[in-house]
Amino acid sequence: MFVSMYFGKLSCNFTHFITLLALLGKLLAKQNKAKELAGLIKSIRPFLGVVSKAKASKIVRELVDTFLDMQSNTGLEIPLCLECIDWAKSEKRTFLTQALEAKLILLYHYNGEYTQALNTINRVMKELKKMDDKHLLMEVQLSESKVYHTLSNVPKARAALTSARTTANSIYVPPKLQASLDMQSGILHGEEKDFKTAYSYFYEAFEGYDSVEHPYALDALKYMLLCKIMLSAPGPEEVQAVLTGKMGLKYSSRGLEAMKAIAEAGSKRDIAIFNTTIKEYDEELKTDAVVQNHLKSLYDNLLEQNLVRIIEPYSRVQIAHVAETINLPFDIVEKKLSQIILDKKFSGILDQRSGVLIVYDGSESDQTYTYALETITHMGKVVDALFKKAQKLS
């Protein structure tokens, strides 16, 4: 209604009207009116026919970005994007079509439709390379990296991110997109257990998102805290320092409180407290795949340390007693003990018939065979030297 009323009175002040549309889109997003914003995007199409293609592309991209940033999960996201793409194709707006397809890739990724996402990436990248549109090409390469990371294909995710960064070196990258690049870099460094470098990238991502007041700034801050926790050397006081600083106070939330609780549980090296914390902040921790992945690793390390600490005084101990002491099910403890033995974290065997763990004293490995092989090698060299001398004498 707003668009039709204003459009009827519009003379030639298109710039003013575009500005009002952008402000109206942000207002609807702030009020969490996703359906109304989707209706606005559809209703402005008559107006887009009388402005330049560049201005039309700008306002459509801006409104679609605002709509997608809401993350309202209304189910309208993919149908709306596909509808806008069909309209752009019918109007022969090639640049806008490709820009919307780049957004569609992110939607497919978010909704778990990875095959559709990869198929769209392959098709769009061929078109973009022909047109030499480096800005959109970088966006698609970044999306490709995200999809492959979700599919646990880290080498391909790393390759796609490297391509995106190479493309970004030759163009101007807006703060929001640069922050997205830094965020993905931090995530991949985290996968490689390089948490110091990951922390640096997350900090850069946080500053980028914070400068444009994007909600992903909170995620970047959360990942910064996660890196501090995973480094293990710093205590919870470093996490507390971040939370009580300017950044933590501005983005104070239950998600950050969850990271603080995890840091405290990790510093106490108590698996029971850790499990209690996970249950208390279940919604905040398990909805984020990055956090959940690293918390699983942290849990495994804590469980291993607790088990080793319990069995250290014994030469023979019942598995049931270990399970009771650590307050975990028997089968979980037995499985973890088997893994520790196979990883050679300590010497011992599991007697499953009697349900007993037999711990061996750590002893140095027998070097007899190593010394024997070295002696044989040296004797072989001596024999070869004597053989050469004998040949010269003859």
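Remember, predicted model here, so these are calculated numbers, not experimental data. For every chain, the first residue of the written sequence is number 1, and numbering continues from 1 onward in sequence order. For this predicted model, a pLDDT threshold of at least 70 governs which residues receive local features, and a threshold of 80 or more governs which side-chain atom pairs are given and counted, while totals over whole chains, interfaces and linings are taken from all residues. Values shown for side chains rest on all heavy atoms present in the structure; no hydrogens or waters enter the calculation.

### A few points about the overall build of the protein
Think of it this way: any DSSP run of H or I at least four residues long counts as a helix, any run of E at least two long counts as a strand, and we number them from the N terminus. Counting its regular elements, the protein contains 22 helices and three strands. In terms of overall dimensions, the protein has a C-alpha envelope of 105 × 75 × 40 Å along the principal axes. Within the protein, the fraction of its 394 residues that count as buried is 43%. Here the contacts in the protein between residues at least 6 apart in sequence split such that 59% fall between residues at least 24 apart. Taken as a whole, the protein presents about 22200 Å² of accessible surface, with 55% of it coming from carbon and sulfur. To sort residues, take the accessible area from a 1.4 Å probe on protein chains only and compare it with the maximum for the residue type: under 20% means buried, over 50% means exposed, and anything in between is partly exposed. Whether two residues touch is decided by their heavy atoms; if any such pair falls within 4.5 Å, the residues are in contact. Where accessible areas are quoted, they stem from the Shrake-Rupley method and a 1.4 Å probe; at the residue level, only the protein chains shown are allowed to cover.

### Here's the deal with the layout of surface pockets
Empty pockets left among the atoms are what a rolling probe the size of a water molecule brings to light. Taken as a whole, the second largest pocket spans an internal volume of roughly 240 Å³. Site definitions follow a grid-based scheme: protein atoms alone, a 1 Å grid, a 1.4 Å probe that fits but cannot get out for cavities, and for pockets an open set with protein on both sides within 12 Å along at least five of seven lines, plus lining residues having an atom within 4 Å of a point. Every residue along the wall of the second largest pocket is listed here: Phe274, Asn275, Ile278, Lys279, Leu285, Lys286, Gln292, Leu295, Lys296 and Tyr299. When contributions to the lining of the second largest pocket are tallied by element, the ones reaching two or more residues are helix H17 (271–280), helix H18 (282–286) and helix H19 (289–311). The class makeup of the residues in the lining of the second largest pocket is five nonpolar, two polar and three charged. Grid points are joined across faces, edges and corners, and a volume is the space filled by probe spheres set on the points. Three classes are used: nonpolar for Ala, Val, Leu, Ile, Met, Phe, Trp, Tyr, Cys and Pro, charged for Asp, Glu, Lys and Arg, and polar for all others, with Gly counted as polar.

### Describing the packing of helix H10 (residues 154–168) against helix H11 (residues 175–191)
A pair of packed helices can be characterised by two numbers: the angle between their axes and the separation between those axes. Think of each axis as a best-fit line through the C-alpha atoms, taken over the contacting stretch in the case of a helix, with angles from 0 to 180 degrees between the N-to-C directions. Two numbers describe how H10 lies on H11: the axes approach to 11 Å, and their chain directions differ by 150°. Considering their axes alone, H10 and H11 lie roughly antiparallel with respect to each other. Considering the relative orientation of H10 and H11, their crossing is left-handed. Two secondary-structure elements touch here, H10 through Val154, Ala157, Arg158, Leu161, Ala164, Arg165 and Ala168 and H11 through Gln178, Leu181, Asp182, Gln184, Ser185, Leu188, His189 and Glu191. Taken together, the residues that form the contact of H10 with H11 break down as seven nonpolar, four polar and four charged. Here the angle decides the label: under 35 degrees means roughly parallel, over 145 means roughly antiparallel, 65 to 115 means roughly perpendicular, and every other value means oblique. Here a crossing is taken to be left-handed if its near helix is turned anticlockwise relative to the far helix by less than a right angle, and right-handed if that turn runs clockwise.

### Some remarks on the confidence of the model for the protein
Note on scores: pLDDT gives the predictor's confidence for each residue, bounded by 0 and 100. When pLDDT is averaged along the protein, the result is 83, and 93% of the positions lie at 70 or above. For the protein, per-element mean pLDDT is lowest for helix H1 (residues 2–9), which scores 47, and highest for H11, which scores 94. In the model, residues 4–12 has pLDDT below 50 throughout and makes eight contacts with residues more than four positions away in sequence or in other chains.

### Regarding empty space enclosed by the protein
In total, this model carries three cavities of 30 Å³ or more according to the counting rule given. By volume, the largest cavity amounts to about 50 Å³. Lining the largest cavity, in full, are Gly186, Ile187, Gly190, Phe195, Ala198, Phe202, Tyr223, Leu226, Cys227, Val290 and His294. Mapped onto the lining of the largest cavity, the elements with two or more residues apiece are H11, helix H12 (195–211), helix H13 (216–231) and H19. Tallied by class, the residues present in the lining of the largest cavity amount to eight nonpolar, three polar and no charged.

### Things to note about the sheet that holds strand S1 (residues 316–318)
Strand pairing within a sheet occurs via backbone hydrogen bonds; the two strands may be parallel or antiparallel. A pair of strands is treated as paired once DSSP finds two or more bridges between them. The strand order across the open sheet built from three strands is S1-S3-S2, with neighbouring strands paired in antiparallel fashion. Every other strand in the sheet has two partners, leaving S1 and strand S2 (348–351) as the edge strands with one partner each. For this sheet the average axis-to-axis angle between neighbouring strands, irrespective of direction, equals 20°. The sheet contacts of helix H20 (residues 319–326) involve S1, S2 and strand S3 (356–359), and relative to S1 the element is tilted by about 65°.

### Here we look at the nonpolar core
Joining through side-chain atoms within 4.5 Å is the link that ties buried Ala, Val, Leu, Ile, Met, Phe, Trp, Tyr and Cys residues into a set, and such a set is a nonpolar core. In terms of nonpolar packing, the biggest core is built from 60 residues, with Leu40, Leu48, Ile59, Phe67, Leu100 and Val140 touching the most fellow members. Top element by residues in this core is helix H7 (residues 94–110). It accounts for eight residues. In contact with Leu48, other than residues within four places in its own chain, are Ala56, Ile59, Val60, Trp87 and Arg93. The next biggest cluster of nonpolar side chains, apart from the first, holds 58 residues, and it includes Tyr281, Tyr299, Leu302 and Phe346.

### Considering H20
Within the span of H20, buried status applies to Ile319, Val322, Ala323 and Ile326. Mapping the buried residues of H20 onto a view down its axis gives an arc of 100°, with all of them on the same face. Where H20 is buried, its residues touch H17, H19, S1, helix H21 (330–342), S2 and S3. In the stretch just after H20, Asn327 is the one whose phi turns positive, near 60°. Starting at the helix axis, one direction is taken to each C-beta atom, and the arc is that of these directions.

### Observations concerning unusual backbone geometry
With a phi close to 60°, Lys92 is a non-glycine residue in the positive phi region. Note that Lys92 resides in the loop between helix H6 (77–90) and H7. A relative accessible area of 66% means that Lys92 is categorised as exposed. One non-glycine residue, Ser152, lies in positive phi territory at about 65°.

### Quick word on the packing of H13 against helix H16 (residues 254–268)
At a minimum axis distance of 10 Å, the contact between H13 and H16 shows a crossing angle of 0°. The orientation of H13 relative to H16 falls into the category roughly parallel. Where H13 approaches H16, its residues Leu218, Leu221, Lys222, Leu225, Leu226 and Ile229 are matched on the opposing element by Gly255, Leu256, Met259, Ile262 and Ala263. Considering only residue class, the contact of H13 with H16 consists of nine nonpolar, one polar and one charged.

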